[in-house]
Amino acid sequence: MADTMGHSATATRNTSVAIGFCLLAVAPQIFEFIWSIGTIFGWGAGRGPATVLISHATALVAGAPGALIGSIGGDTKKASSDVLLALIYSYPIFAVAIVTLFMTIRSAQDYVGGIVLMALALFALWASSDLQGMRGFSFGAGTAPRMFGGLLVGLGAAIALTGLLTDGPSMAHYSWRGPLFVMASIVFFALAIRPLGVVVSAFTSFLIAAMGTHETRWVETIIVGACLTLGCALLFPYVLGLPMPMFPRFLVQ
Amino acid sequence: MELFANLAHGFAVAFSPINLLMCLIGALVGTLVGVLPGIGTIATVAMLLPITFGLPPVGALIMLAGIYYGAQYGGSTTSILVNIPGEATSVVTAIDGHQMAKQGRAGPALAIAAIGSFFAGCVATVLIAVLGAPLTKLALAFGPAEYFSLMVLGLIFAVVLAKGSVLKAIAMIVFGLLLSMVGSDIETGASRMAFNIPELADGLGFATVAMGVFGFAEIIRNLDAGAEMNRDLVQQKITGLMPTRKDLVDSAPAIVRGTILGSILGILPGGGAVIASFAAYTLEKKIAKDPSRFGRGAIEGVAAPESANNAAAQTSFIPLLTLGIPPNAVMALMVGAMTIHGIVPGPQVMQKQPDLVWGMIASMWIGNLMLIIINLPLVGIWVRLLRVPYRLMFPSIVIFCAIGIYSVNNAPVDVILAGIFGLVGYWLIKHDFEPAPLLLGMVLGPLMEENLRRALLISRGDWSVFLTRPLSAVLLGIAAFLLVLTVLPALRSKRDEVFTESEN
């Protein structure tokens, strides 16, 4: 298929894959930034958004290269965790993204799959970087995670390599509707079960999940949802004796 | 004979009214969920795990075992009648079973599947009883190094038996091992990769990940294809359950071969019911006088895989009960269930909890008998269940799973984690990664790490201990040999052949 599409098509495809990898490279930083917005409203604990933005930006732009040069020069000053994240996780992925631009991807499914696994492994390496390593011949807490993390980096790279060397399927088609509404339903349930109880949260989640397909007919969905909610409300707390709130807290009080 | 005394004790436990009831409920509920397409055995057991929490340990495990083989039974019913395998184990049954149904012989196909399963179940029950005691003795000779090597062997088996790329299967195992390390370190208590999230301090719950990767991911994937699945229902009434004399004569040797093959593959760590049914079908096709009959309603094509998957499902309890090592993901859930009831699986369980072990073994036989007696008349109901449209079924499954996960720890975070793993599972499916090795890696991870560390501590950091201890060296040797064989091109093509069988 790639042959008929010509050169330019592969080129644009590669750029979008490379841009995707660049986003992946800073995904933890972006995630922490979004998370930190919550601290303005007093949700959760952690650094404020401004601190997060500045510290990650300096780590990415200045801190990490500095640490890199320092380590070559024999300077063993302890680097901060932001700098380590940039060094261990972001820089390798950026490098991969740049390399991607010059490659012919023969199986996008394998190539992207391998690189994402590699990214996960690098992230695990960073996450376990603060743990103690070997103490003499006995394992520290961080030895095994580092061992398997390193192994997974290698395996991910190997899978990506097969994606470059052998022909295979390209990226599969993702749809958004099913995952979005099913996830929304799950998240709603998780947030609502404590304050609103089984009855309200199960029924509402049922309706949200039902939006995952355009074939839903609302009358039957509402009837089935009500029956299911009733069934679960009887089954879990009464028949099985598992404690959970039934009705919204403000109604009970 | 100790064996008969043990079995008699087991039957005495299993025949108590409460345990009989648990067995019946488990088998029925398992069949019910197994019939519904889109929920596999692992998701079924994970989903129903919470409903056994309130029961006494023996009853809970009997019920879970019932759910497990009931789910497989239900899966084969749908694959014969509607060509939708409810479970991966009955994918091959659909090939010939559905052809038989189209020819108006659905009754005999169902009956042979049930008889084959029952025969295999009987043999496997005896096998567990026979092998249990000696293997427990063997387990006492196992040190940390041997345990580690055995688990490596199990994981390599999982790689060999997984479908698709070997490299990807290994990567999935390592990914699973990494996931298993989230949480507190067993020796130092240091918090690993938990990012100061208190809910992660105990590690990722196995049921949570299983439900996400197998339950939610399957639902999302099925929604992709459009909720309206192609259902080619056999509309005519099923008459004449009894197979003819010729059917019985044709299928008897196939049942025996399937049972033997299934029993062996079930005991091996990393194996299990899925691969057993594939292997049995391939074997039948290879040794048949006229292989072209297969795919057109050959009764051996139903008898062999059904016996094999049931035999494997039951013999996979052997490594769990004797060595404490779960050979596949369903057994890993069993470990979870046992731990919740305060039982540590391993060699000591047989001595300390004879009620539990032998009662469970005996209940498997009773459960299989129940499945035959109860389910054949209920076939009509199961078929009607299949007419429930997916657009109503999937939200129900989502909600049921969500409540189930929540009830395990009363933790809303677990529900969100399962959702995230649902997305991860969806991504894995899209990139052609198999989720089963991931789960196995995750289950064996803590055990493996613990034994690795202990072995190296005893040997004072000398890695050669794994090769100088004879048992360990043999196990690792087999693992290396298997891995080399799998990568060899000749065997590779054979392996691919086995796995493409289902696509006919």
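Residues numbered from 1 in each chain as written. Chains lettered and ligands numbered in written order. Predicted model: local features only at pLDDT ≥ 70, side-chain atom pairs only at ≥ 80, totals over all residues.

To continue, consider the overall build of chain A. Along the backbone of chain A there are nine helices and zero strands. Listing every helix and strand of chain A by position from the N terminus yields α-α-α-α-α-α-α-α-α. Taking the intrachain contacts of chain A between residues at least 6 apart in sequence as the baseline, contacts between residues at least 24 apart amount to 64%. (Helix = DSSP H or I, 4+ residues; strand = E, 2+ residues; numbered from the N terminus. Contact = placed C-beta atoms within 7 Å.)

This part covers the overall build of chain B. For chain B, the count of helices and strands is 22 helices and two strands. Computed over C-alpha atoms, the radius of gyration of chain B comes to 22 Å, within 12% of the 23 Å expected from 2.2 N^0.38 for 504 residues, which places it in the range of a compact globule. With the principal axes as the frame, chain B shows a C-alpha extent of 70 × 55 × 50 Å. A burial count over chain B gives 60% of its 504 residues as buried. Contacts in chain B between residues at least 24 apart in sequence constitute 80% of all its contacts with a sequence separation of at least 6. (Rg over C-alpha atoms; globule rule 2.2 N^0.38 Å. Buried ≥ 20, exposed ≤ 12 C-beta atoms within 10 Å, placed from the backbone.)

Listed by partner, the interface residues are 53 residues for chain B and 59 residues for chain A. Breaking the side of chain B that touches chain A down by element, the ones donating at least two residues are helix H8 (166-180), helix H9 (206-224), helix H17 (390-409), helix H18 (412-430) and helix H19 (435-458) of chain B. At 12 residues, the largest contribution of residues to the side of chain B that touches chain A is made by H17(B). Each residue belonging to the side of chain B that touches chain A can be placed in one class, and the counts come to 35 nonpolar, seven polar and 11 charged. (Nonpolar A, V, L, I, M, F, W, Y, C, P; charged D, E, K, R; others polar.)

Residue and element names in this part refer to chain A. Position of Val 96 relative to the elements: it lies in helix H4 (residues 81-101). Taking the C-alpha atoms as reference, Val 96 lies 28 Å from Pro 49; in sequence the two are 47 residues apart. Filtering out sequence-adjacent residues up to four positions away, Val 96 remains in contact with Phe 21 and Ile 115.

Counting residues in hydrophobic clusters, the biggest one holds 235 residues, and the most contacted among them are B:Ala210, B:Met211, B:Leu333 and B:Leu439. The leading source of residues in this core is helix H6 (residues 106-140) of chain B, at 17 residues. Residues lining this core come from more than one domain, with at least three contributed by each of domain 1 (2-165) and domain 2 (177-252) of chain A. If we ignore the near neighbours within four places in the chain, the residues touching B:Met211 are B:Ala43, B:Ala46, B:Met47, B:Phe216, B:Cys401, B:Ile405 and B:Ala418. (Core = buried A, V, L, I, M, F, W, Y, C linked by C-beta atoms within 7 Å. Domains from an automatic or database assignment.)

In a regular helix each residue adds 1.5 Å, so 35 residues correspond to 51 Å; H6(B) covers 49 Å between its end C-alpha atoms and thus fits that length. When the local axis directions of H6(B) are compared, the greatest deviation, roughly 40°, occurs at B:Gly132, which is followed within four positions by the proline B:Pro134. (Expected span 1.5 Å × (residues − 1). Bend = angle between axes of the 7 residues up to and from the residue.)

As a further point, take the confidence of the model for chain B. Put simply, chain B has an average pLDDT of 80, and 90% of its residues get 70 or more. Across the interfaces of the predicted complex, the ipTM metric reaches 0.87, alongside a pTM of 0.83. (pLDDT = per-residue confidence, 0-100.)

This next bit is on the packing of H9(B) against helix H14 (residues 329-340) of chain B. Residue and element names in this part refer to chain B. Where H9 meets H14, the axes come as close as 10 Å, and the angle between the chain directions of the two elements is 145°. Judged by the sense of rotation from one axis to the other, the crossing of H9 with H14 is left-handed. Contacts between H9 and H14 involve Phe 206, Ala 207 and Ala 210 from the first element and Ala 329, Ala 332, Leu 333 and Gly 336 from the second. Taken together, the residues that form the contact of H9 with H14 break down as six nonpolar, one polar and no charged. (Axes fitted to C-alpha atoms, helices over the stretch in contact; angles between N-to-C directions. Left-handed = near helix turned anticlockwise from the far one by under 90°.)

Another aspect to go through is the confidence of the model for chain A. This prediction gives chain A a mean pLDDT of 81; 85% of its residues lie at or above 70. pLDDT under 50 marks residues 1-9 of chain A. Its contacts with residues more than four places away, or in other chains, come to two contacts.

A word on helix H5 (residues 108-127) of chain A. Spanning 20 residues, H5(A) covers 28 Å between terminal C-alpha atoms, matching the ideal 28 Å at 1.5 Å per step. The buried fraction of H5(A) is high, at 17 of 20 residues.

Residues and elements named next belong to chain B. You can see Met 393 is positioned in helix H17. Residue classification places Met 393 among the partly exposed residues on the basis of 19 C-beta atoms within 10 Å. Apart from the residues within four sequence positions on either side, Met 393 is in contact with Leu 36 and Val 388.

This paragraph deals with the environment of A:Val182. Looking at where A:Val182 falls in the secondary structure, it is placed in helix H7 (residues 177-210). With 72 residues separating them in the primary sequence, A:Val182 and A:Asp110 have C-alpha atoms 27 Å apart. When neighbours within four sequence positions are excluded, A:Val182 is seen to be in contact with A:Ala209, A:Gly212, B:Phe216, B:Ile219, B:Ile220 and B:Val398.

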